[in-house]
Amino acid sequence: MCPPAGTSWLRVTFAGDAFGAPLRARVIEQLGADLRRHGLAACEKTERAADTTAEPVEGAPLAEIGLTLSPDAVLSLASVPRDALALSITLAAEELLHASWIEAALAPPPSAALPAAAATAITRPKPVPAAVQAMNAETIVRLSPGPEAERATPTTMMAQAALLGAVERSTGGSAVAGQTDLGGDVRFSYGGRLAMSARFGIRAAPDVTSVHGAVHGSELLAGLGLAYALVPRKASWGGELGVRADALDVTFSGVASPSASAGESAKGASGSALGAVVSGVVGGWGRLGGPWRVVAETTLGAPVRAVTASDAGAKATGIAGVSVGVGLGIAATLAE
C-alpha cells in the first residue's frame, strides 16, 4: 500500500505524452528513495474510482507534485541522455521541494557518524503545523523533453485547413510562350510528422499576345500531396518537404484582332483540355497565436501532360516546360 500506514506522504501527478509508464516508475522510485531519508513517501496519483479492490490511501498528502513534460520549458532536458532522464526530473522536483514550505516537514537524513539509536531519532518527521497540513500545496515542475523523450512520445495527429494565394509560372519552351497563373487554393491536411494533403484551386492567366490576337487562360485544379515535417507540427515554427500531383482543367479563349493582311477580322475560339503536373514542395509555417498559423511554400515541377493553345496551327501559350510557384496564406488547426 502506498503510503505505508502512519507515514506522511506526497502525491505525484504526471502530465504530458512523454511520461510513459517506465519513466513514471523510475521517477517515483528515485524520488521516493530521497524522501524516505526524511521519513516521507512518494505515491503516484491514480484513478481509483472504478477499482474497488484498490487499497485506500491513508490520510491526505502533505502536498501534490505536478510533473509536466511540455514544450513550454522551465527546465530544458534537450541535452540529457535517455538513461539519465528520470534522475534529472527527480533532481528538479527535489530542488523545488527543498525551496518550498515542504522543507518544514523534511527531517534531516541520518549521519553516518551518529550511533544507530540517535540516527533513528533524528529521522523521525518533524511535526507539521495544522495550518500547513491543511494547505494541500502543489509544486509544479515543467520540463521540456529532449530528443530521446521526443522519440518516445506517441505521434500527435493534426488536422488543418488553409487558404493560400498562389502565383505560378510555366516556362513554355522554344516553340511555346510561357504562362503566368494567379489564383488561390483551399487546402486540407491531416497527419503527424508525415501528413497527407488535398487542395482545390482556381487560376487566371493574363492575356498572351499571339499572331492573330490574344489568348486568355483559366484553370480549375485539384491535387493530392504528401509532406514530411522537419520538426513536430505542434512547434511554433518549422518546415516540411513534400511532393504533390495536380490535375488541371485548362480553358483557353482566343480574342481575335483585325487581320492586317486580309483586311478582315480573324475568328476567335475557345476550348479546354485536361493536364497534369507533378511538383516538389518546400513549405514552412509560423504560429500566430491560438490555432492560427501563417504558411508559405515554393514549388518546382513539370507537366506530365502539357496543355497548350494554338493560333493558326502555331502553339501560342500553355502549361509546358518547367513550372515554378510560390504560395502564402493562413491556416487554422482544426484538431490535434
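Anything mentioned here points back to the structure above.
Residues numbered from 1 in each chain as written. Predicted model: local features only at pLDDT ≥ 70, side-chain atom pairs only at ≥ 80, totals over all residues. Heavy atoms only, no water.

Caption draft 1: Layout of the overall build of the protein chain. Across its full length, the protein chain carries 5 helices and 15 strands. Per-residue burial over the protein chain gives 38% buried out of 336 residues. Of all intrachain contacts in the protein chain linking residues separated by at least 6 positions in sequence, the fraction that spans at least 24 positions is 67%. (Helix = DSSP H or I, 4+ residues; strand = E, 2+ residues; numbered from the N terminus. Buried < 20%, exposed > 50% of the residue type's maximum accessible area, 1.4 Å probe, protein only. Contact = heavy atoms within 4.5 Å.)

Caption draft 2: Looking closely at the side chain of Glu 297. Among the secondary structure elements, Glu 297 is positioned in strand E12 (residues 292-305). Classification of Glu 297 as buried rests on a relative accessible area of 11%. Looking at Glu 297, its side chain comes within polar contact range of the side chain of Arg 187, at 2.7 Å. Polar contacts involving the side chain of Glu 297 include one to the side chain of Arg 244, which spans 3.2 Å. Not counting residues within four places of it along the chain, the set of residues in contact with Glu 297 comprises Arg 187, Arg 244, Val 281, Val 282, Gly 283, Gly 325, Val 326 and Gly 327. (Polar contact = N/O pair within 3.5 Å; in protein donor to acceptor, adjacent residues only side chain to side chain.)

Caption draft 3: Layout of the environment of Gly 32. Take Gly 32: it is sitting in helix H1 (residues 21-36). The buried category is assigned to Gly 32, whose relative accessible area is 5%. C-alpha of Gly 32 to C-alpha of Trp 9: the two residues are 23 residues apart in sequence and 9.6 Å apart in space.

Caption draft 4: Looking closely at the sheet that holds E12. The 8 strands are arranged E6-E7-E8-E9-E10-E11-E12-E15 in a closed barrel whose pairing can be described as antiparallel. Neighbouring strand axes in the sheet, compared pairwise and without regard to direction, differ in orientation by 25° on average. One ladder, built from 17 bridges, connects strand E9 (residues 213-229) with strand E10 (residues 237-256); its direction is antiparallel. Within the sheet, the bridge partner assigned to Gly 225 lies in E10 and is Arg 244. (Pairing = 2+ DSSP bridges. Axes fitted to C-alpha atoms, helices over the stretch in contact; angles between N-to-C directions.)

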